[in-house]
Amino acid sequence: MPPIQDMTSAASVSRETPSEPSDDAGLLDALQHQVAVFARRAEQTRLGGVGQVRNSMDRAAYLLLNRLDREGPMGVKALAAGMGIDSSTVTRQVAPLVDSGLVKRTSHPEDGRAVVLELSARGLARLEEVRSSRRELMARVTGGWTEEERNSFTTLLTRFNGALSARAAGLPSGEGGTGGDGDTDVTGVTGRADEPEAGDRVAGEASRGAGTPS
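Since the model is a prediction, treat every value here as computed from it, not as a measurement.

Notes on the overall build of the protein
So, step 1. Regarding its fold elements, the protein presents eight helices and two strands.
So, step 2. Counting from the amino terminus, the protein carries its helices and strands in the arrangement α-α-α-α-α-β-β-α-α-α.
So, step 3. Counting across all 214 residues of the protein, residues that qualify as buried make up 30%.
So, step 4. Put simply, 58% of the contacts in the protein that link residues at least 6 apart link residues at least 24 apart.

Some remarks on the side chain of N66
So, step 1. Its location among the elements puts N66 in helix 3 (residues 59-71).
So, step 2. Residue N66 is classed as buried on the basis of its relative accessible area of 1%.
So, step 3. One polar contact links N66 to R131, side chain to side chain, over a distance of 2.6 Å.

Here's the deal with a nonpolar patch on the surface
So, step 1. A surface patch of nonpolar side chains, about 520 Å² in accessible area, is lined by L28, L31, W145, F153, L157 and F160.
So, step 2. Elements with a minimum of two residues in the nonpolar patch: helix 2 (23-45) and helix 7 (147-169).
So, step 3. For the nonpolar patch, the element with the most residues is helix 7, which contributes three residues.
So, step 4. Along the chain, F160 falls in helix 7.

Some points on helix 4 (residues 76-83)
So, step 1. Within the span of helix 4, buried status applies to L79, A80, G82 and M83. For helix 4, the arc enclosing every buried residue in end-on projection is 165°, short of the 170-degree limit, so these residues lie on one face.
So, step 2. For helix 4, the elements touching its buried residues are helix 3, helix 5 (87-99) and strand 2 (115-119).
So, step 3. Looking one or two residues past helix 4, G84 carries a phi angle of roughly 75°, positive in sign.

Digging into the nonpolar core
Nonpolar side chains tend toward joint burial in soluble globular proteins.
So, step 1. Residues L65, L79, V94 and V103 are the most contacted members of the largest nonpolar core, which totals 22 residues.
So, step 2. For this core, the secondary-structure elements that each account for two or more residues are helix 3, helix 4, helix 5, strand 2 and helix 6 (121-141).
So, step 3. When residues in this core are grouped by element, the largest group, six residues, is from helix 3.
So, step 4. Sequence-distant contacts of L79, that is, excluding residues within four places in its chain, are made with L64, R67, L68, M74, V90, V94 and L117.

Some points on helix 7
So, step 1. Helix length check: helix 7 (23 residues) gives 33 Å between terminal C-alpha atoms against 33 Å at 1.5 Å per residue, within 8%.
So, step 2. Within helix 7, the full set of buried residues consists of G162, L164, S165 and A166.
So, step 3. One or two positions beyond helix 7, positive phi appears at G170, with a value near 75°.

Quick word on the packing of aromatic side chains
So, step 1. Enumeration according to the criterion identifies one aromatic pair in this entry.
So, step 2. When the centroid spacing of 5.3 Å and the interplanar angle of 90° are considered together, the rings of W145 and F153 count as edge-to-face.
So, step 3. The class of W145 is partly exposed, set by a relative accessible area of 34%.
So, step 4. For F153, a relative accessible area of 42% puts it in the partly exposed group.
So, step 5. Sitting over the ring of Y62, R134 keeps its end group 4.2 Å from the ring centre.

Conventions used here
Residues numbered from 1 in each chain as written. Predicted model: local features only at pLDDT ≥ 70, side-chain atom pairs only at ≥ 80, totals over all residues. Heavy atoms only, no water. Helix = DSSP H or I, 4+ residues; strand = E, 2+ residues; numbered from the N terminus. Buried < 20%, exposed > 50% of the residue type's maximum accessible area, 1.4 Å probe, protein only. Contact = heavy atoms within 4.5 Å. Polar contact = N/O pair within 3.5 Å; in protein donor to acceptor, adjacent residues only side chain to side chain. Patch = residues over 30% accessible without salt bridge, like charges linked within 9 Å, V, L, I, M, F, W, Y side chains within 5 Å. Areas by Shrake-Rupley, 256 points an atom, 1.4 Å probe, with all protein chains shown as cover. Salt bridge = Lys/Arg side-chain N within 4 Å of Asp/Glu carboxyl O. Arc of directions from axis to C-beta. Core = buried A, V, L, I, M, F, W, Y, C linked by side-chain atoms within 4.5 Å. Expected span 1.5 Å × (residues − 1). Phe/Tyr/Trp six-rings, centres within 6.5 Å; stacked < 30°, edge-to-face > 60°. Lys NZ or Arg CZ within 6 Å of the ring centre and 35° of its normal.

Okay, structure coming up:
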């Protein structure tokens, strides 16, 4: 008579035996690890460019000036909506730019009672200086890349930022987007100046969890 198999013990052993991680899980682990490394490296270098203007303009100022340059004069509400932050944040961030002469307040061309923000000639010159410095940094960092590799990386990074924006906005995956200057572009999203952007929050959490070396 064959021995009676203890099915309970066999099931228990089966449940206790850890399953091998799938290829997809391994890839996602590698992705979150690299995002954590990127967050740390970006914080260390601030990706501010090279030369004398390195790290001479903070992110908020750069994104504001960049959007005004690309889209032209606009009111605080329109600027806030386009960047995915609230109007009070834009007002607070714009104030020092106005004081330093990089941005000027002018009357709306169609409604003299309304005030719009416009990039000044000085602001444009300063923005171009910073862009040139950051462009040189990107050229050096990706110096060994082909044009196709740069295009692919830019496309995927833009898509990744859009997905983070959608998550921060509570939108289904794929409905987020980024503006031409790479800042958050989800209508209705609000934020505070003292809060990190969605990408920074996610990357920072990944960095703390991965324990990557500097």
